[in-house]
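# Notes for the structure review
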Amino acid sequence: MPKKILFIMCDQLRFDYLGCTGHPSIRTPNIDALAARGVRFDRTYVQSPICGPSRMSFYTGRYTQSHGALWNEHPLRVGEMTIGDHLRPLGTRTVLCGKTHMTADKEGMERLGIDASTGIGALVAECGFEIWDRNDGVVPDGAKKQPSHYNKHLDALGYDGPNPWHQWANSARGDDGEILSGWLLSHASKPAAVAEKESETPYTTTRAIEFMEQAKDESWCLHLSYIKPHWPYIVPAPYHDMYGKDDIQPVKRDACEKEDPHPLLAGYFEHRYSHAFSRDDVRETVIPAYMGLITQIDDQIGRLMTYLEESGQTDDTLIVFTSDHGDYLGDHWLGEKELFHDQSARVPLIVIDPSDKADATRGRVETDLTEAIDLVPTFIDFLGGEVPDHILEGRSLLPATRNLPRTARDYVISEYDYSARPHLRHLSADARSCALTMIFDGRWKMIWIEGHRPMLFDIETDPDEYHDLGASVDHREEIKRLSEALFKWARRQHSRVTISDDKIDTVLSKDDATYGVYLGFWDEDELQTWKDAQDT
């Protein structure tokens, strides 16, 4: 059978909301079974703690500084190589079922005369993916970004209204049949009006299985990208009341965080999301629904694994399970994501390598630092290609799954651009100054903030990240060390993607005289002496 890759991504799934990552009451037996069959990379960090930039790094294998799509709706520039560009030459279809948050560089494509509706233009406009079914989410007044097959699907089933996705899948019903929008947090504990089997997560799974059945004799990389447990936090029965108040873990926040906080953190404290999730009643209503959404995903993972086994594709399929970022859920007095506490920037990552070479590592928990950009080189490596390390900035994870020597990372990097956040713009002089960069070496986590002092956390003595040491005179040496490492990373070659190091070494670094360009020689005798030396 041809090699295949099932690349599963959840949206806004925290690293610690799975049974296999230590949550004491959430039920995720199928995802836990994936961890038992593969390697769980316990300290994986995304390249940006928000959907669009994070996903663009997953799909390009490059840092946000490198690919330039710094926030949601920022176009990925035309010409930036994506996962499809790397896998198609290896004979592998690269297909999307679900969400990408991709915004095409329409201006760039028009400038170059590229038609986005067909051929290579359609691939460029969709982040290198063939579109099987794209579902980026919904807003109350219509499907987000693009027409949705899911809305058409609901309409065909008799779910009436101008926007059945919102009115049925993301809303509940009141006693008189009125629509209760799932966008309002007070309705999170109510069941969504849609039948469970027709809700977003089972629908996306069904569509993915349809593709895998159609293409089971081909080599493919299927990006199965669920839009949950991302808000709206509403889930159909029976998942809506599967969890209760007793299943909610104690909130991780401390009064000291609000005592003279860094201006950045103070700005986030004042955001509407943070005010909401600082309330106990909001957490007690939302978190059980969030957990229900996760268990619903887990049940669909069970469907997928059953299909792969029954169709005979399990032994040829690399399976990856991850998330694009986390969710604060009230920890640190915050809601949503965007900053760099582990609740936001750290994600689950499970890799199941079907090779016999991986048998010795099944069930292993890998604690070396890992980044989201490591997946594209892993896929190329699995398919037998050569990883173009002058383009890709991640590292293949197959040495870890196959018990081979590998060099551990010294640090991970994550970036965020807050220029689109009005409540934070007072922190910067202009849109180009709204830069945050995290560097984490496994113990010390520093956040560099343009125009402000850094933030610093010692994960060894303060694992919950309550105490910001960025202003401490006793920690100047750590800040200096991490600042130098960050400066070194920023000075690295991030943009020379059109020519490899090997080509430079074997062709461009040769002496000009090799090509008959005899600059610098005095006369024929000196030239002949040089030629004689080359022959010996």
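Reading the values: the criteria
- Residues numbered from 1 in each chain as written.
- Predicted model: local features only at pLDDT ≥ 70, side-chain atom pairs only at ≥ 80, totals over all residues.
- Heavy atoms only, no water.
- Salt bridge = Lys/Arg side-chain N within 4 Å of Asp/Glu carboxyl O.
- Helix = DSSP H or I, 4+ residues; strand = E, 2+ residues; numbered from the N terminus.
- Buried < 20%, exposed > 50% of the residue type's maximum accessible area, 1.4 Å probe, protein only.
- Core = buried A, V, L, I, M, F, W, Y, C linked by side-chain atoms within 4.5 Å.
- Contact = heavy atoms within 4.5 Å.
- Arc of directions from axis to C-beta.

## Overview of the pattern of salt bridges
Under the definition given, this model contains 38 salt bridges. Notably, a salt bridge pairs R346 with D42, separated by 3.1 Å at the nearest N-O pair. One end of the pair, R346, is in strand 11 (residues 346-347); the other, D42, is in strand 2 (residues 39-45), and 304 residues separate them in sequence. Residue R481 is joined to E478 by a salt bridge in which the shortest nitrogen-to-oxygen separation is 2.7 Å. Here E478 and R481 lie together in helix 16 (residues 476-491), a separation of three residues that amounts to about one turn. Classification of R481 as partly exposed rests on a relative accessible area of 37%. We classify E478 as partly exposed; its relative accessible area is 22%. Salt bridges sharing common partners tie together R40, D42, D342, R346, K445 and E465.

## Brief notes about the nonpolar core
Residues L6, M212, I301 and F321 are the most contacted members of the largest nonpolar core, which totals 46 residues. In terms of residue count, the dominant contributor to this core is helix 12 (residues 280-310) (13 residues). Each residue touching I301, except ones within four places of it in the same chain, is listed here: I8, N30, I31, L34, Y226 and F321. Within the second largest apolar cluster, 34 residues are counted, among which are F58, L87, L318 and V347.

## Description of the environment of I8
Turning to its location among the elements, I8 is positioned in strand 1 (residues 4-11). The class for I8 is buried, based on a relative accessible area of 0%. Along the backbone, I8 and T322 are 314 residues apart, and their C-alpha atoms lie at a distance of 6.4 Å. Those residues in contact with I8 that lie beyond four places of it in its chain are L224, Y226, I301, L304, I319, V320, F321 and T322.

## Here's the deal with helix 1 (residues 29-37)
Residues spaced three or four apart along an α-helix face the same direction, because each turn holds 3.6 residues. Turning to helix 1, its buried residues are I31, L34 and A35. One face of helix 1 carries all of its buried residues, which in axial projection span an arc of 100 degrees. Turned more than 90 degrees off the buried face of helix 1, the exposed positions are P29 and A36. On its buried face, helix 1 sits against strand 2, helix 12, strand 10 (317-323) and strand 12 (349-352).

Everything listed here is a matter of coordinates, which is why it stays silent on function.
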